[in-house]
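# Observations on the three-dimensional arrangement
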Amino acid sequence: MPHATHPIGTAASNERPREKLVSIKNRITVAAFLTLAPCACVLARTAAPAHYPPQLQRPFTFATVEHLAALRAEHPYRVHSTPLPGALRRLSYAQYHQIRFRAADALWRGKSLFDVEFYHRGFAFTRQVKIFTVNASGVHAVRYSPSMFEFPRALGRVDLPRDLGFAGLSVRFPLETPAHRSSVLAFLGATYFRLLGRNQTQGITARGLAIDTATTGGEQIPYFTHFWLVEPAAQARTLTVYALLDSPSIAGAYRFVVRPGNITQVTVSAVLYPRHHVAKLGIAPLTSMFLYGRNSARRRFDNWRPQVHDSDGLMMHTGGGEWLWRPLRNPLRLQVNRFMDDNPQGFGLIQRDRRFADYEDPAARYEHRPSYWVEPLGQWGRGGVELVEIPGNADIDYNIDSYWVPSAPVRAGQPLAFSYVISAYLHSGERWPPGGKVVATRFGPVTHDGQPVSGQRHALIDFAGGDLQTLRADQPVRAVVSGLGARIRDITTERLPQNGHWRVRFTVQPTGGRPVDLRCYLELYGAPLSETWTYQWTPGS
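Please read these numbers as outputs of a predicted model, since none were measured by experiment.

Moving on, we come to the packing of aromatic side chains. In the structure shown here, the tally under the stated rule is 33 aromatic pairs. Ring centres 5.8 Å apart and planes at 15 degrees place the aromatic pair Phe 132 and Trp 228 in the stacked group. Residue Phe 132 is found in strand 4 (residues 130–135), and its partner Trp 228 is found in strand 12 (residues 223–230); the two are separated by 96 residues along the sequence. As far as burial versus exposure is concerned, Phe 132 and Trp 228 are alike and both buried. A centroid spacing of 6.2 Å and a plane angle of 35 degrees characterise the contact between Trp 373 and Trp 432, whose relative ring orientation is tilted. Remark: Trp 432 occurs in the loop between strand 26 (416–425) and strand 27 (437–448) and Trp 373 occurs in strand 23 (residues 371–377); sequence separation between them is 59 residues. In terms of burial, Trp 373 and Trp 432 fall into one category: buried. Three or more aromatic residues link up through ring pairs in this structure, and these residues are Phe 187, Phe 193, Phe 224, Phe 227, Tyr 254, Phe 256, Trp 380, Trp 404, Phe 418 and Tyr 420. Taking the ring centre of Tyr 535 as reference, the NZ or CZ of Arg 326 above it sits at 5.7 Å.

This is the structure:
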């Protein structure tokens, strides 16, 4: 577990959000509805797809999707969707949630361990996605009919076209009990998707791609326009989904292979075909919510819950072998940090606090919301894990983004390929990370004669796990602390007899008005015992 002595290329921006930046409201719409939107359960009906090149139907493989994406990129971008009737577009949150499927079977029900449900179009989900099945006999369209759904009374009598199509899909599997299938992988809105493992509740989401996120020019939103579901064998434990992505700047081919379990994993492979230069490309993007936690000023919110978040930290495993932990914040202004690296081994948005007492919310069940961990397959080269923290005011504000930004330029006509495994888990044991980890971050005032000293703060970091659990209090465990833009003094390390955690305490005194980058880890006789805690503190915040 090698450790660097200086921050890993941390860059920060205190720039205020611009109008063209994707608004928190839009994040709420997609991420929250992927949590709450009902599915329509339909029986797949085969038909010759009207817009599918017949010469590509057999055999249908990932190479076929790559070819289709390359053809897309050779032509100007256009929206591949039929118009949405105004009555569906005007549905409220609650009305859309009332759309229900009728008593028809799901795709593959009774034929496989997997079945598939489909989401109706409406409210914010205006785009149509075309969905096909792939089996030994060829490629077949999944056909929509309004008779498959029950609609809210507020919608009234609306003449819905038979080619209206679907907004998304949900792959289900008997994860909890043999008699009940639960969603393990769902796609709804733009390129958002969500995976869930056993005993997990919905929180964090993933995306297929991020383009120009947190830039002054505004974020560009790509969409999945087509899905192909490969029919599984009766007892198959994995399912393959192909997808076609499109946006004004990039077209792309995607393959998702889902393996449900305690830790549900999805292997993602993608080939991108840029139409134009892209200033910032985000690979394997994750989106989450952090309102407040132990390390934040809860007094900003009039709320009875001790903590409110879907994730409480960004974890990274660098190409050099170092494990990093960055606690999340809900800032007053937009914050963007990038952690530079070469060939990263992993990163993810993690939910570490797993006790009911951490949240005291039996409805939201934050302690059961999964962590998402991304492990690159192959060499990703030079780049950085970027963390975007957006001011949030409510627990429906999806205000945290993280993704990998390659340093290599993205140019028109030069395809890019990348693959990774994303894991949804509650507990990883000693796997992520393998040693000691940060369990709490706290800040407090420095006082003199009972009065706070201006411009200085105490920092307290608690570590636990790994070899730390077996070390006696008299072992010479040492905290290695550094600060860029600050003087660090009064460093102490002690084992707390109440819970066995190792606490590091030190004083931070900034040397200027700029944000201070802090790092801390524990070592014994020169060997690291823990991951590296990293934090950006803004004087006066």
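Okay, the confidence of the model for the protein next. With 88% of its residues at a pLDDT of 70 or more, the protein shows a mean pLDDT of 89. In the model, residues 2–25 has pLDDT below 50 throughout and makes 66 contacts with residues more than four positions away in sequence or in other chains. Contacts from residues 36–52, a stretch scored under 50 in pLDDT, to residues over four places away or in other chains number 61 contacts.

All right, on to the sheet that holds strand 30 (residues 486–495) then. Read across the open sheet, the four strands follow the order 27-28-31-30; overall the sheet is antiparallel. Unpaired on one side and paired on the other, strand 27 and strand 30 mark the two borders of the sheet. For this sheet the average axis-to-axis angle between neighbouring strands, irrespective of direction, equals 20 degrees.

What follows concerns the side chain of Ser 249. Note that Ser 249 resides in the loop between strand 13 (239–246) and strand 14 (250–259). Within polar-contact distance, the side chain of Ser 249 engages the side chain of Gln 220 at 2.9 Å. Residue contacts for Ser 249: discarding those within four places in its chain leaves Gln 220, Tyr 273, Pro 274, Arg 275, His 276 and Val 278.

A few words now on the pattern of salt bridges. Any two side chains of opposite charge can pair, so long as their charged atoms come close to each other. Evaluated as defined, the whole model comprises 25 salt bridges. Of the charged contacts, one joins Arg 72 and Asp 246 as a salt bridge, the two residues approaching to 3.3 Å between their closest N and O atoms. Highlighted residues: Arg 72 in helix 2 (residues 62–73) and Asp 246 in strand 13, separated in sequence by 174 residues. The same class applies to Arg 72 as to Asp 246, namely buried. When the shortest N-O distance is used, the salt bridge between Asp 358 and Arg 355 registers 2.9 Å.

Under the definition given, this model contains four cavities of 30 Å³ or more. One number sums up the size of the largest cavity: a volume of about 150 Å³. Lining the largest cavity are 15 residues; nearest its centre among them are Asp 312, Asp 353, Val 439, Ala 440 and Thr 441. Mapped by element, the contributors of at least two residues to the lining of the largest cavity are strand 20 (323–327) and strand 27. Residue contributions to the lining of the largest cavity peak at four residues, all from strand 27. Taken together, the residues of the lining of the largest cavity break down into six nonpolar, five polar and four charged. What the second largest cavity holds in volume is close to 60 Å³. Taken together, 11 residues make up the lining of the second largest cavity; nearest its centre are Met 316, Thr 318, Phe 339, Asp 341 and Val 385. Counting residues per element, the ones that place at least two in the lining of the second largest cavity are strand 19 (313–317) and strand 21 (335–342). Considering every element that reaches the lining of the second largest cavity, the biggest residue donor is strand 21, with three residues.

Rules of the game
Numbering of residues starts from 1 in every chain and runs along the sequence as written. Residues qualify for local features only when their pLDDT is at least 70, as the model is predicted, and side-chain atom pairs are given and counted only at 80 or more; totals for whole chains, interfaces and linings, by contrast, use all residues. With hydrogens and water excluded, all non-hydrogen atoms of the structure serve as input to the side-chain values. Classification of ring pairs rests on two measures: the distance between centres of Phe, Tyr or Trp rings, Trp counted by its six-membered ring, which must be within 6.5 Å, and the angle between planes, read as stacked under 30 degrees, edge-to-face over 60 and tilted in between. By definition, any uninterrupted DSSP run of H or I lasting at least four residues is a helix, any uninterrupted run of E lasting at least two residues is a strand, and each is numbered from the N terminus. Exposure is judged per residue with a 1.4 Å probe applied to protein chains only, and the accessible area is read against the type maximum: over 50% gives exposed, under 20% gives buried, and values in between give partly exposed. Both a distance and an angle decide whether a charge sits over a ring: NZ of Lys or CZ of Arg must be within 6 Å of the ring centre and within 35 degrees of the ring normal. A residue's pLDDT is the predictor's confidence in that residue, given on a scale from 0 to 100. Whether two residues touch is decided by their heavy atoms; if any such pair falls within 4.5 Å, the residues are in contact. Any two strands with at least two DSSP-identified bridges between them are counted as paired. Angles shown run from 0 to 180 degrees and are taken between the N-to-C directions of axes, each axis being a line fitted to C-alpha atoms and, for helices, limited to the stretch in contact. As used in this structure description, the phrase polar contact means that two N or O atoms lie within 3.5 Å; if the pair is within protein, one of them must be able to donate a hydrogen and the other to accept it, and residues adjacent in sequence are counted only when both atoms belong to side chains. Whenever a carboxyl oxygen of Asp or Glu lies within 4 Å of a side-chain nitrogen of Lys or Arg, that contact is scored as a salt bridge. The rule is simple: put a 1 Å grid over the protein atoms alone, call a set of points where a 1.4 Å probe fits but cannot get out a cavity, call an open set with protein on both sides within 12 Å along at least five of seven lines a pocket, and count a residue as lining if it has an atom within 4 Å of a point. Grid points are joined across faces, edges and corners, and a volume is the space filled by probe spheres set on the points. Each residue gets one of three labels, nonpolar for Ala, Val, Leu, Ile, Met, Phe, Trp, Tyr, Cys and Pro, charged for Asp, Glu, Lys and Arg, and polar for the others, Gly among them.

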